[in-house]
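Listed below, chain by chain, are the residues.
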Amino acid sequence: MAELLSLLTLFAAAFGAATILPFQSEVVFAALQIAGDIDVVLLVAVASLGNVLGAVVNYVMGRWVEHFRHRRWFPVSEAQLDRAQRGFARWGVWTLLLSWAPFGDAFTVVAGLMRTRLWVFLLLVTVAKTGRYMVLAWATAAAT
């Protein structure tokens, strides 16, 4: 039961960290890895799944952002939104390989806005986010 609760906590932290919410999943991941009660492969899988699904939320938000861009309360200016679209058009879907980075959430929103094919989005984001947790697992193991 404790293992399940730990994995659910990790999933929630990873999910939240991939959205616009201010979560940090690395601390939860490293703490669980150091505790040693859960296999590191399972930790990487659960964290990656949560993080990718959180990015899908951003993607869906991006698909609908056009409906609200002219509203007064909209948090992004026309110029910022246009700049993001031009940048994505220039660099393309490969920017999604940076979706693991602190600013990467913006790329996942813009990918939805730009109507990136979902399978391409999922492939690139999964590679990026799983790679991130694999590097974190390696770094945590090396530090302990």
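None of these values were measured; they are calculated from a predicted model.

Colleague: Got a sec to walk through the overall build of the chain? Specific residues and values, please.
Modeller: A count of helical and extended segments in the chain gives six helices and zero strands. When the helices and strands of the chain are listed from N to C terminus, the series reads α-α-α-α-α-α. A burial count over the chain gives 40% of its 144 residues as buried. Once local pairs closer than 6 in sequence are excluded, the contacts in the chain between residues at least 24 apart make up 72%. Per element, the accessible surface of the chain, about 8500 Å² overall, is 71% carbon and sulfur.

Colleague: Outline the confidence of the model for the chain, supporting the account with residue identities and numerical values.
Modeller: Low pLDDT marks stretches whose predicted atomic positions should not be read closely. Here the chain averages 91 in pLDDT, and 100% of its residues register 70 or above. Taken element by element, the chain is modelled with least confidence in helix H4 (residues 78–91), mean pLDDT 82, and with most confidence in helix H6 (residues 118–143), mean pLDDT 97.

Colleague: Quick one: what's the story with the nonpolar core, residue by residue and with numbers?
Modeller: With 13 residues, the main nonpolar core has Leu7, Leu10, Phe29, Leu43, Val44, Ala47 and Tyr133 as its most contacted residues. Mapped by element, the contributors of at least two residues to this core are helix H1 (2–18), helix H2 (25–35), helix H3 (40–64) and H6. Ranked by the residues each element gives to this core, the list is headed by H3, at four residues. Beyond its immediate chain neighbours, meaning those up to four positions away, Leu10 contacts Ser25, Val28, Phe29, Leu32, Leu43, Val46 and Ala47. Counting residues in hydrophobic clusters, the runner-up holds 11 residues, among them Tyr59, Leu96, Ala111 and Phe121.

Colleague: Could you give an account of the packing of H3 against H6, with specific residues and numbers?
Modeller: Between H3 and H6, whose axes approach to 9 Å, the crossing angle comes to 140°. Judged by the inter-axis angle, H3 sits oblique to H6. Of the two elements, H3 crosses H6, and the hand of that crossing is right-handed. Where H3 abuts H6, its residues Val40, Val44, Ala47, Ser48, Asn51, Val52, Ala55, Val56 and Tyr59 lie against Leu118, Phe121, Leu122, Val125, Thr126, Lys129, Thr130, Arg132, Tyr133, Met134 and Ala137. Considering only residue class, the contact of H3 with H6 consists of 14 nonpolar, four polar and two charged.

Colleague: Just give me the short version of the packing of aromatic side chains, but keep the residues and values in it.
Modeller: Given two aromatic rings, one states the distance between the centres and the angle between the planes to describe the pair. The final tally for this structure, using the stated rule, is four aromatic pairs. Here the aromatic rings of Phe29 and Tyr133 are separated by 5.5 Å at their centres, their planes lie at 35°, and the arrangement is tilted. Here Phe29, found in helix H2, pairs with Tyr133, found in helix H6; they are 104 residues apart in sequence, far enough to count as distant. Comparing Phe29 with Tyr133 shows no difference in burial state: the two are buried. Ring plane angle 85° and centroid distance 5.7 Å describe the contact between Phe103 and Phe107, whose orientation is recorded as edge-to-face. By relative accessible area, Phe103 is classed as partly exposed at 49%.

Conventions adopted
- Residues numbered from 1 in each chain as written.
- Predicted model: local features only at pLDDT ≥ 70, side-chain atom pairs only at ≥ 80, totals over all residues.
- Heavy atoms only, no water.
- Helix = DSSP H or I, 4+ residues; strand = E, 2+ residues; numbered from the N terminus.
- Buried < 20%, exposed > 50% of the residue type's maximum accessible area, 1.4 Å probe, protein only.
- Contact = heavy atoms within 4.5 Å.
- Areas by Shrake-Rupley, 256 points an atom, 1.4 Å probe, with all protein chains shown as cover.
- pLDDT = per-residue confidence, 0-100.
- Core = buried A, V, L, I, M, F, W, Y, C linked by side-chain atoms within 4.5 Å.
- Axes fitted to C-alpha atoms, helices over the stretch in contact; angles between N-to-C directions.
- Parallel < 35°, antiparallel > 145°, perpendicular 65-115°, else oblique.
- Left-handed = near helix turned anticlockwise from the far one by under 90°.
- Nonpolar A, V, L, I, M, F, W, Y, C, P; charged D, E, K, R; others polar.
- Phe/Tyr/Trp six-rings, centres within 6.5 Å; stacked < 30°, edge-to-face > 60°.

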